[in-house]
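Observations on the three-dimensional arrangement
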Amino acid sequence: DIAGPFMKGVLWIMMPVVTAAGFAIGLVIYEYLTKIQNRSLLRTFLWPLAGCGIGAVAVYWYGPMLIVFGMFAIGTLSIILRELFICKKGNTL
């Protein structure tokens, strides 16, 4: 085992952050190209970060291979909730 316990912990913490960054960057690029609204990357990043974090914690006990499915499922749900929240506030597409 090359990575020690500290490095494994760092990588476990970084997985939801990196996955959420991918979600957020994709959303910002989409909103920029479609000229919907220019929302900040940080505000966009918080939604998938919460979703990916919850998804990672939910399947943590089952092992590292399943964490991807939890982050993807709950991260996607967080994006859907974000869009519903934005539409409800009146900032429609």
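Structure's up top.
This write-up is about the structure you can find in this document. Since the model is a prediction, treat every value here as computed from it, not as a measurement.

Procedures and definitions
Residues numbered from 1 in each chain as written. Predicted model: local features only at pLDDT ≥ 70, side-chain atom pairs only at ≥ 80, totals over all residues. Heavy atoms only, no water. Axes fitted to C-alpha atoms, helices over the stretch in contact; angles between N-to-C directions. Helix = DSSP H or I, 4+ residues; strand = E, 2+ residues; numbered from the N terminus. Left-handed = near helix turned anticlockwise from the far one by under 90°. Contact = heavy atoms within 4.5 Å. Nonpolar A, V, L, I, M, F, W, Y, C, P; charged D, E, K, R; others polar. 1 Å grid on protein atoms, 1.4 Å probe; cavity = no way out; pocket = protein on both sides within 12 Å on 5 of 7 lines; lining within 4 Å. Points joined across faces, edges and corners; volume = space filled by probe spheres on them. Core = buried A, V, L, I, M, F, W, Y, C linked by side-chain atoms within 4.5 Å. Buried < 20%, exposed > 50% of the residue type's maximum accessible area, 1.4 Å probe, protein only.

1. Details of the packing of helix H2 (residues 41-59) against helix H3 (residues 67-89)
Packing of H2 against H3 brings their axes to within 7 Å, and their N-to-C directions diverge by 145°. Two packed elements cross with a definite hand, and for H2 against H3 that hand is right-handed. Contact residues: H2 offers Thr44, Trp47, Pro48, Gly51, Cys52, Ile54, Gly55, Ala56 and Val59, while H3 offers Ile67, Gly70, Met71, Ile74, Gly75, Ser78, Ile79, Leu81, Arg82 and Phe85. Residues belonging to the contact of H2 with H3 are distributed by class as follows: twelve nonpolar, six polar and one charged.

2. A word on the layout of surface pockets
Taken as a whole, the largest pocket holds about 200 Å³ of empty space. As for the largest pocket, its lining consists of eleven residues, of which Arg39, Arg43, Trp47, Ile86 and Lys89 are closest to the centre. Secondary-structure elements contributing two or more residues to the lining of the largest pocket are H2 and H3. Here the lining of the largest pocket is built from residues that sort into three nonpolar, four polar and four charged.

3. Considering the nonpolar core
The biggest cluster of nonpolar side chains holds eleven residues, and these are Ala20, Phe23, Ala24, Leu27, Phe45, Cys52, Ala56, Val59, Ile67, Met71 and Ile79. Elements supplying a minimum of two residues to this core: helix H1 (5-33), H2 and H3. Each residue touching Ile67, except ones within four places of it in the same chain, is listed here: Trp12, Met15, Ala56 and Val59.

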